[in-house]
2 protein chains.
Amino acid sequence: MKTYSLNSQVQLFRFGNPVRTDSLSYPEEAMELQPEPFKIPFFNESFEEKSVTLKGRLKKTDKVLGLGESVGSVNKRGRWIESYATDDPIHTPDKSSLYGAHNYLFITGDEHHGFYIDFPGKVIYDIGYHHPDEIEIKIEGLDFDLYHFKHDSLKNTIKLFRMLQGEGYVPPKWAFGNQQSRWSYETADIVKEVADTMRKKGLPCDAIYLDIDYMEDYKNFTVDETRFPDFGTFVDEMKNDGFRLIPIIDAGVKVEKNYQVYEEGVNNHYFCKNEKNEPFLAAVWPGWVHFPDFQIPEVRKWFGHKYEVLTDFGIEGFWNDMNEPAIFYTEEKMKEFIDKVKSLEGKNLNLQEYFELNRCYEALAGDEKDYKNMFQKIDGQMISHHQIHNLYGYNMTRAAAEGLRELAPNKRHLLFSRSSYTGMGRYAGLWTGDNHSWWEHIPLMLKMMPALNMGGFMYIGADIGGFGGDTNAALLIRWSQASLLTPLYRNHSAKYTRSQEPYAFDEKTTDTMRKVLELRYSLIPYIYSEYMKATLNQDLYFKLLSFEYEDDHSKEIEDQLLVGESIMIAPVYEENAKGRYVWVPEEMLLWKTVINHQDEFQVVSKGHHYMHLEMEETSLFVRKNKMIILAEPAQNVDSMDFTALTVLAFVEDTATYYYYDDDGESMNYKTNKANGMMVKITLIKDQYEIDVSQIGESKVHRLNLMIANVKGELVEYSYDVKNQQLI
Amino acid sequence: MKTYSLNSQVQLFRFGNPVRTDSLSYPEEAMELQPEPFKIPFFNESFEEKSVTLKGRLKKTDKVLGLGESVGSVNKRGRWIESYATDDPIHTPDKSSLYGAHNYLFITGDEHHGFYIDFPGKVIYDIGYHHPDEIEIKIEGLDFDLYHFKHDSLKNTIKLFRMLQGEGYVPPKWAFGNQQSRWSYETADIVKEVADTMRKKGLPCDAIYLDIDYMEDYKNFTVDETRFPDFGTFVDEMKNDGFRLIPIIDAGVKVEKNYQVYEEGVNNHYFCKNEKNEPFLAAVWPGWVHFPDFQIPEVRKWFGHKYEVLTDFGIEGFWNDMNEPAIFYTEEKMKEFIDKVKSLEGKNLNLQEYFELNRCYEALAGDEKDYKNMFQKIDGQMISHHQIHNLYGYNMTRAAAEGLRELAPNKRHLLFSRSSYTGMGRYAGLWTGDNHSWWEHIPLMLKMMPALNMGGFMYIGADIGGFGGDTNAALLIRWSQASLLTPLYRNHSAKYTRSQEPYAFDEKTTDTMRKVLELRYSLIPYIYSEYMKATLNQDLYFKLLSFEYEDDHSKEIEDQLLVGESIMIAPVYEENAKGRYVWVPEEMLLWKTVINHQDEFQVVSKGHHYMHLEMEETSLFVRKNKMIILAEPAQNVDSMDFTALTVLAFVEDTATYYYYDDDGESMNYKTNKANGMMVKITLIKDQYEIDVSQIGESKVHRLNLMIANVKGELVEYSYDVKNQQLI
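Along each chain, residues carry numbers from 1 onward, in the same order as the chain's sequence is written. As they are written, the chains are lettered A onward and the ligands numbered 1 onward, keeping that order. Local features in this predicted model are restricted to residues of pLDDT 70 or higher, and side-chain atom pairs are both shown and tallied only at a pLDDT of 80 or more, whereas totals for entire chains, interfaces and linings draw on every residue. Hydrogen atoms and water are omitted, and side-chain values are computed over all heavy atoms in the structure.

### With respect to the packing of helix H7 (residues 331-343) of chain A against helix H7 (residues 331-343) of chain B
Heads up, the rule is: Whenever a helix is involved, its axis is fitted only over the stretch in contact; in every case the axis is a line through C-alpha atoms, and angles between N-to-C directions fall within 0 to 180 degrees. Note on conventions: DSSP H or I runs of at least 4 residues are helices, E runs of at least 2 residues are strands, and numbering of each starts at the N terminus. For classification purposes, an angle smaller than 35 degrees is called roughly parallel, one larger than 145 roughly antiparallel, one from 65 to 115 roughly perpendicular, and anything else oblique. Note on convention: the crossing is left-handed when the near helix lies turned anticlockwise from the far helix by less than a right angle, right-handed when the turn is clockwise. Only heavy atoms enter the contact rule, under which two residues are in contact if any of them lie within 4.5 Å. Each residue receives one of three labels: charged for Asp, Glu, Lys and Arg, nonpolar for Ala, Val, Leu, Ile, Met, Phe, Trp, Tyr, Cys and Pro, and polar for the others, Gly being one of them.
Following both chains from N to C, one finds H7 of chain A and H7 of chain B inclined at 140°, their axes separated by 9 Å at the closest point. It follows that H7 of chain A is oblique to H7 of chain B by the angle criterion. Handedness of the H7 of chain A/H7 of chain B crossing: left-handed. Note on element contacts: H7 of chain B touches H7 of chain A through Phe337, Ile338, Val341 and Lys342 of chain B, opposite Phe337, Ile338, Val341 and Lys342 of chain A. Here the residues of the contact of H7 of chain A with H7 of chain B are counted per class, giving six nonpolar, no polar and two charged.

### Here we look at the UniProt feature "domain: Glycosyl hydrolase family 31 C-terminal" (unreviewed entry) in chain A
Inclusion rule: UniProt positions are given in the numbering used here, feature names are shortened, and annotations may be inferred rather than shown by experiment.
Mapped onto this numbering, the UniProt entry annotates "domain: Glycosyl hydrolase family 31 C-terminal" (unreviewed entry) at residues 544-628 of chain A. When the span residues 544-628 of chain A is considered, its composition is 6% helix and 46% strand, and the gap between its end C-alpha atoms is 19 Å.

### What about the domain arrangement of chain A?
Residues and elements named next belong to chain A. Rules: Domain start and stop points were drawn from an automatic or database domain assignment. Buried area adds together the accessible area that both of two parts lose upon being put together, with accessible area traced by a 1.4 Å probe.
Under the domain assignment, chain A is made up of domain 1 (2-165) and domain 2 (514-727). A separation of 35 Å is found between the C-alpha centroids of domain 1 and domain 2. Facing the eleven residues of domain 1 at the interface are twelve residues of domain 2. Of the roughly 980 Å² buried where domain 1 meets domain 2, counting both sides, 56% is carbon and sulfur surface.

### As for the pairing of strand E4 (residues 44-47) of chain B
Every other side chain in a regular strand lies on the same face of the sheet, so the side chains alternate between the two faces. To keep it simple, the criterion reads: Two strands qualify as a pair provided that DSSP identifies no fewer than 2 bridges between them.
Bridging between E4 of chain B and strand E5 (residues 52-57) of chain B involves four bridges; their strand directions are antiparallel. In the strand pairing of E5 of chain B, phenylalanine 47 of chain B is matched with valine 52 of chain B.

### Overview of the nonpolar core
Rules: The nonpolar core is taken to be a set of buried Ala, Val, Leu, Ile, Met, Phe, Trp, Tyr and Cys residues, with the residues joined through side-chain atoms within 4.5 Å. When accessible area is computed with a 1.4 Å probe and restricted to protein chains, residues below 20% of their type maximum are described as buried, those above 50% as exposed, and intermediate ones as partly exposed.
Counting 430 residues, the largest nonpolar core has Phe291, Phe337 and Leu703 of chain A together with Phe291 and Phe337 of chain B as its most contacted members. Of all hydrophobic cores here, the second largest spans 36 residues; its members include Leu562, Val584 and Leu590 of chain A together with Leu590 of chain B.

### Topic: the interface of chain B and chain A
Put simply, the rule is: The rule for a salt bridge is simple: a side-chain nitrogen of Lys or Arg has to be within 4 Å of a carboxyl oxygen of Asp or Glu.
On the side of chain A, 68 residues touch chain B, which itself brings 67 residues to the contact. In total, chain B and chain A occlude about 6000 Å² of area from one another, counting both sides; carbon and sulfur atoms represent 55% of this. Summed over the shared surface of chain B and chain A, the number is ten salt bridges. Ionic pairing is found between lysine 342 of chain B and glutamate 345 of chain A, a salt bridge with its closest N-O pair at 3.1 Å. At the level of secondary structure, the elements contributing two or more residues to the side of chain B that touches chain A comprise strand E19 (287-290), H7, helix H8 (351-362), helix H15 (552-556), strand E33 (579-584) and strand E36 (607-612) of chain B. Here the side of chain B that touches chain A takes eight residues from H8 of chain B, the largest share from any one element. Split into classes, the residues belonging to the side of chain B that touches chain A amount to 30 nonpolar, 18 polar and 19 charged.

### Considerations on the relation of the copies chain B and chain A
Heads up, the condition is: Least squares is the method for superposing the copies, and the C-alpha atoms it fits come from residues with pLDDT of at least 70 in both.
Overlay of chain B on chain A (RMSD 0.0 Å): rotation 180°, translation along the axis 0.0 Å. Such values leave the two copies arranged in the relation of a two-fold axis. A share of 100% of the interface residues of chain B reappears at the interface of chain A, consistent with the copies meeting face to face through the same patch.

### Some thoughts on the sheet that holds strand E16 (residues 244-250) of chain B
All names here are of chain B. Pairing is parallel across the open sheet formed by nine strands, whose spatial order is E27-E26-E24-E20-E16-E15-E14-E29-E28. With one partner strand each, in any of the chains shown, strand E27 (460-461) and strand E28 (463-464) form the two edges of the open sheet. Here E16 runs beside strand E20 (residues 317-321); their pairing, made up of three bridges, is parallel. Paired with isoleucine 249 across the bridge in E20 is asparagine 320.

### Quick word on the environment of asparagine 373 of chain A
Residues and elements named next belong to chain A. Rules: Think of a polar contact as two N or O atoms within 3.5 Å of one another; within protein, one of them needs to be a possible hydrogen donor and the other a possible acceptor, and neighboring residues in sequence only count if both atoms come from side chains.
By the secondary structure assignment, asparagine 373 is in the loop between helix H9 (368-372) and strand E22 (375-378). Between the alpha carbons of asparagine 373 and phenylalanine 621 there is a distance of 53 Å; along the sequence they are 248 residues apart. Aside from chain neighbours lying at most four places away, what touches asparagine 373 is Lys273, Asn274, Glu275, Phe280 and Glu332. Within the local environment of asparagine 373, its side chain forms a polar contact with the side chain of glutamate 332, the two groups lying 3.4 Å apart.

### Some remarks on helix H4 (residues 260-267) of chain B
All names here are of chain B. Taken together, the buried positions of H4 are occupied by Val261, Tyr262, Glu263 and Gly265. The secondary structure elements touched by the buried residues of H4 are strand E17 (253-254), E19 and helix H5 (297-306). Phi turns positive, to about 60°, at histidine 269, one or two residues after H4.

### A look at H5 of chain B
Buried residues of H5 of chain B: Val299, Arg300, Trp302, Phe303, Gly304 and Lys306 of chain B, and no others. Structurally, H5 of chain B contributes buried residues whose contacts are with E16, E17, H4, helix H6 (308-311) and helix H10 (392-407) of chain B.

### A few points about the packing of aromatic side chains
Formally: Under the pairing criterion, centres of Phe, Tyr and Trp rings, with the six-membered ring standing for Trp, must be within 6.5 Å; the plane angle then separates stacked pairs below 30 degrees from edge-to-face pairs above 60, leaving the rest tilted. In this scheme, the term charge over a ring applies when either NZ of a lysine or CZ of an arginine sits within 6 Å of the ring centre and within 35 degrees of the ring normal.
Summed over all chains, the structure comprises 121 aromatic pairs over all chains. Look at tyrosine 394 of chain A and tyrosine 427 of chain A: their rings are 6.3 Å apart centre to centre, the planes differ by 65°, and that puts the pair in the edge-to-face class. In this pair, tyrosine 394 of chain A sits in helix H10 (residues 392-407) while tyrosine 427 of chain A sits in the loop between strand E25 (420-421) and strand E26 (429-431), placing the two residues 33 residues apart along the sequence. Tyrosine 394 of chain A sits in the buried class, given a relative accessible area of 0%. You can call tyrosine 427 of chain A buried: its relative accessible area is 16%. The residue whose ring lies beneath lysine 219 of chain B is tyrosine 259 of chain B, and the NZ or CZ to ring-centre distance is 5.3 Å.

### Focus on the pattern of salt bridges
Residues and elements named next belong to chain A. By the definition in use, this model includes 119 salt bridges over all chains. Taking the shortest distance from any N to any O, the salt bridge between arginine 398 and aspartate 22 comes out at 2.7 Å. On the criterion of sequence distance, the pair formed by arginine 398 in helix H10 and aspartate 22 in the loop between strand E2 (10-15) and strand E3 (32-33) is long-range, its members being 376 residues apart. Given a relative accessible area of 9%, arginine 398 falls into the buried group. In this structure aspartate 22 comes out as partly exposed when scored by relative accessible area, which is 22%. With a closest N to O distance of 3.0 Å, aspartate 539 and lysine 159 form a salt bridge.

Here is the structure:
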């Protein structure tokens with residue numbers, strides 16, 4: 001083991017000779033080799049033949065945060081987690097692995113320690129699961145980088161980690177609008193009907209998704225001409241109606257003679273191999289597929305450029321799926337299964353045999369053994385996929401991001417992925433995969449959001465309404481309200497489940513959904529501003545209350561979040577509930593919208609409150625001496641008017657807000673082509689002093705200011721931004 | 001349809017010619033045929049070829065309660081539920097059927113309506129699932145009884161229904177002690193070790209369970225002599241150590257030449273048949289089995305008497321399992337599956353074929369088609385099991401109860417079942433089946449308890465710590481605390497899961513568990529008294545707050561319960577939480593126990609509260625002008641001293657309590673051999689007047705009284721019951 005210091009707060013412990021993951025992006029010069037090795041803080045390490053174990057003791061008050069996409073509370077104490085990307089569509093509370101592998105954790109109590117284990121194989125975390133006071137991390141390999149971060153606060157400790165990753169992914173502004181999906185809108189006519197209904201019902205929407213059925217036999221980079229005739233024209237028509245189409249891309253390439261992607265892959269040895277050095281064969285949606293070896297830079301380039309087939313049609317966004325990679329079965333497993341089944345014919349099974357049959361069936365899909373028998377090339381050497389399993393989706397998505405960048409250097413694309421590894425947040429967003437229409441999956445979403453942010457995943461969201469199973473009107477509404485500020489806002493559901501578009505229920509539900517979606521669109525200036533600032537500054541967009549408030553109670557709350565610098569959310573997520581308890585850590589302004597009523601504003605004192613909230617009501621809290629920026633909702637983001645905005649402020653003495661904006665579509669933000677404004681509101685002897693200064697070539701001409709003071713008195717002003725005066 | 005009036009509050013709508021279920025037990029003379037048929041209240045009925053549908057409209061404020069064992073909130077609005085007994089061990093929030101079929105529901109709002117559909121086939125409930133304001137019930141048959149109940153309150157409406165069932169099941173008193181189970185304690189040595197460890201660690205316990213492995217090849221009414229040599233002696237030894245052994249009995253009888261139960265069943269035509277009139281063949285734990293046709297009174301008698309094999313060994317309690325009946329596969333299904341699999345050999349499966357394979361596999365177990373192909377005899381006529389499916393577990397358990405009654409007419413046995421139908425509550429208890437070690441399954445338990453009570457299921461409980469999956473120390477503790485007052489208190493877990501006995505974790509956890517169990521045992525006088533009063537008077541043991549408090553907030557609360565007449569519980573069930581919010585509907589006395597500390601008593605005002613509650617703390621609330629009766633804990637119920645008890649009272653002015661007790665083991669309670677006492681405490685000018693009158697031959701000699709007033713002042717007295725004076 002060698003130890004390096006990156007700066008006074010970051011140390012690197014290098015075990016053996018790690019595979020290069022590129023998950024962090026700091027310059028190698030920053031690494032300063034230490035002549036005398038440091039001891040790893042907090043943990044004691046022990047070496048086994050093929051693994052390393054880190055053991056530490058937790059104090060009663062220590063919390064363990066991080067680990068991104070995983071079930072359970074934000075504080076992971078009591079949990080067993082395995083970092084091993086898994087396509088598991090049943091996110092019950094006992095699942096140890098989901099789609100992503102996020103090896104960062106923060107131990108916070110009297111001190112704040114951050115750790116990041118840069119290792120693409122399996123890592124197992126026992127966080128007080130076996131013994132309530134012990135944490136044990138087993139890295140299934142001898143070659144990895146262990147980073148340690150230490151700062152005076154949890155927030156700053158996380159930032160140290162985020163800084164090493166570099167700047168996060170920035171989607172186009174329209175990607176913050178409402179998006180409608182389903183497995184599948186199978187034909188152009190169906191897509192058109194969804195779009196028309198959204199408009200007819202006045203439900204704002206920016207994008208409609210194409211799941212696997214748009215393809216010809218599930219072949220990547222093809223479009224089925226029967227179901228989507230003249231695709232380019234259709235894409236244009238839809239765009240004219242204000243909808244982008246977002247096709248899915250899967251990891252596996254269908255094995256089919258004369259299918260160009262397949263032929264090129266085989267001829268150029270672009271696919272992962274089996275032990276005989278033949279392309280590895282697995283079955284997914286198209287039947288047999290090969291998996292591109294995204295570990296090879298040339299393959300990433302090749303695959304990334306394939307997206308051009310669709311961008312040439314006018315497509316501007318993609319979602320990468322099945323990239324754990326998901327496997328339904330392999331030849332070997334299917335043979336084993338068929339042999340097992342045949343051997344049972346005519347037998348009276350005993351319990352052992354019956355269990356064995358079940359085991360064999362369950363092992364068909366996504367078994368570790370298959371990943372061990374698949375091989376990828378690193379620097380010319382073949383290595384078992386198992387050892388770098390967690391990089392697969394990350395490198396597929398990196399391939400897409402880099403390809404799209406080359407195809408259109410100054411254009412942003414919408415891109416997000418199901419599987420991920422730390423660092424993918426620089427290339428794309430992610431969605432939390434195949435959740436269910438369960439009430440319990442609303443709080444699961446709320447708990448994953450801050451944990452993902454800690455790892456630099458910023459453009460994130462869950463399938464609103466739930467993917468698997470059948471939702472109902474109440475669940476869709478409460479979920480849509482709870483997602484009010486998630487960057488990725490998408491309603492998506494599975495084949496064979498009930499329709500769950502916002503208009504799929506009764507008129508009252510449609511009315512409620514319209515109100516929720518309009519509120520979402522109103523908030524887009526704020527959402528975009530906060531997203532961009534957090535992403536460009538390696539800050540958090542979703543924060544636990546404890547990141548800003550030091551009282552004991554704020555330390556325990558996991559189902560309320562601070563979103564951006566001005567808002568606290570406390571969504572209702574219980575079936576048939578008419579409200580919920582809220583901890584208000586300082587005086588705040590509660591804003592409720594209700595259908596067919598005027599909005600309500602109410603100053604809420606510091607303390608515990610029961611917030612009554614009917615189905616038709618959506619709420620958010622504005623923090624003290626903070627403000628939010630709003631626009632008029634419209635049918636989609638492109639048609640919104642960002643020149644006349646509204647400021648809603650809750651002012652005790654002084655509130656300042658930096659409103660970030662830019663063109664929303666180019667990469668010019670990299671060279672600081674931001675525009676926007678600084679708004680300062682000062683309360684001096686019952687009078688508000690308003691100071692607005694423009695930044696860059698601001699689009700804002702006029703501001704409507706709604707300012708509440710701590711007595712709950714609300715005043716409104718109109719402000720001419722160009723002339724810097726009230727009107 | 002004929003309509004009958006049972007009394008002014010109960011009407012019966014008889015559709016066609018229903019199968020007699022015996023689920024209710026009122027005399028036929030009570031039925032008064034109405035010359036002019038009534039209209040069914042609330043619903044409109046419509047007839048299809050093979051089914052009847054009832055449709056009604058829900059007002060916004062209407063709640064729909066009942067339906068016993070089902071997932072989701074207590075208020076079932078928004079749910080789709082199918083009454084069809086199902087062995088499904090994954091109780092995710094989307095499941096429409098569990099083990100029991102409980103066709104009672106109460107619609108409560110401005111008015112209170114109760115309905116009970118006495119139909120043993122499938123009934124489907126759409127309770128605002130398709131349309132938020134509509135309720136639709138489809139009865140899959142033309143012959144059934146529909147009862148309507150109407151009273152001035154929900155509580156009284158439920159009582160009308162309960163009264164028609166008659167008196168509930170009464171277990172022996174020791175069955176309220178702590179019980180320890182696992183699939184499986186496989187040998188006598190292992191059982192002994194569990195028992196010894198419980199005693200060594202000072203963990204009170206009354207019973208240890210024997211899961212399927214105690215049997216010889218899973219054959220009912222056999223004991224494996226290798227694993228349990230000299231079983232009778234072992235049962236005695238264990239009893240001397242203070243433990244009863246509780247063996248499992250399964251529904252299916254192993255097909256095995258010379259196995260007596262099998263031979264008798266075949267020879268006497270006691271088994272369910274297939275369409276060729278041969279015994280129906282299905283595979284469960286033992287491989288091939290036949291299912292006794294419990295619809296035939298002679299079969300019930302035969303099977304019920306078989307329990308004698310085990311009572312002869314000294315066994316005093318049983319749990320009936322797999323009686324939906326669970327089917328792993330049938331010959332036909334396995335053949336279909338094997339053929340399907342063989343047909344796939346060497347093929348590149350397309351999506352359709354892949355789905356079909358999955359479907360075929362999933363259809364192996366417990367498919368409706370199998371139940372349709374099984375036949376039972378009613379009054380000499382063969383009828384498809386599907387039509388009376390929901391009676392199977394009920395009649396198996398009735399067979400056991402009636403058999404045990406005949407074997408020992410004046411002795412109570414512990415008996416509970418997995419599958420159930422309304423009315424089974426007169427014969428036995430039930431447990432909620434194969435739950436999981438998920439935090440979410442604590443509130444699921446809390447929500448099922450009052451819903452089961454409404455249907456007359458009184459001796460109930462969930463597997464504490466969770467059956468499937470791995471628990472951890474925190475989950476076990478919180479679950480044990482939340483179950484503090486459930487009549488059936490059993491820790492049970494599945495094969496291949498982590499050990500979860502109360503001593504299976506660290507010492508701190510054992511200490512906490514000891515404190516929780518001791519509190520449980522302290523409460524046994526109260527639990528028993530309240531259980532008996534509720535059961536004998538057709539009242540509720542578990543009640544929603546709204547049954548006693550009329551404020552708006554009490555109407556919404558589902559995760560706090562009134563248990564018996566004096567206690568409110570508000571358990572902590574969130575992972576890593578250090579407390580919870582509690583609605584206190586009137587001034588109450590909060591009692592907290594903490595390990596290694598004196599108990600804390602605190603008067604809590606009416607209103608919303610955040611209750612801090614560390615893992616080491618257990619809490620309950622004593623209602624105003626109510627009291628609870630406590631005893632000293634001991635290693636088991638038999639060794640408890642019920643002669644010296646403690647009264648904990650919270651008195652504003654006058655509190656009265658009827659403490660019920662009896663011999664705890666005989667059936668003499670039927671002839672009113674109750675004993676106990678009436679305790680009355682009156683506060684007059686800062687002085688408590690204490691009045692204790694004995695009932696029957698009371699065992700109580702001495703009372704320790706702890707009385708808190710509304711200022712939180714606690715005073716203690718000793719009271720000599722015989723001499724009726726303070727000492």
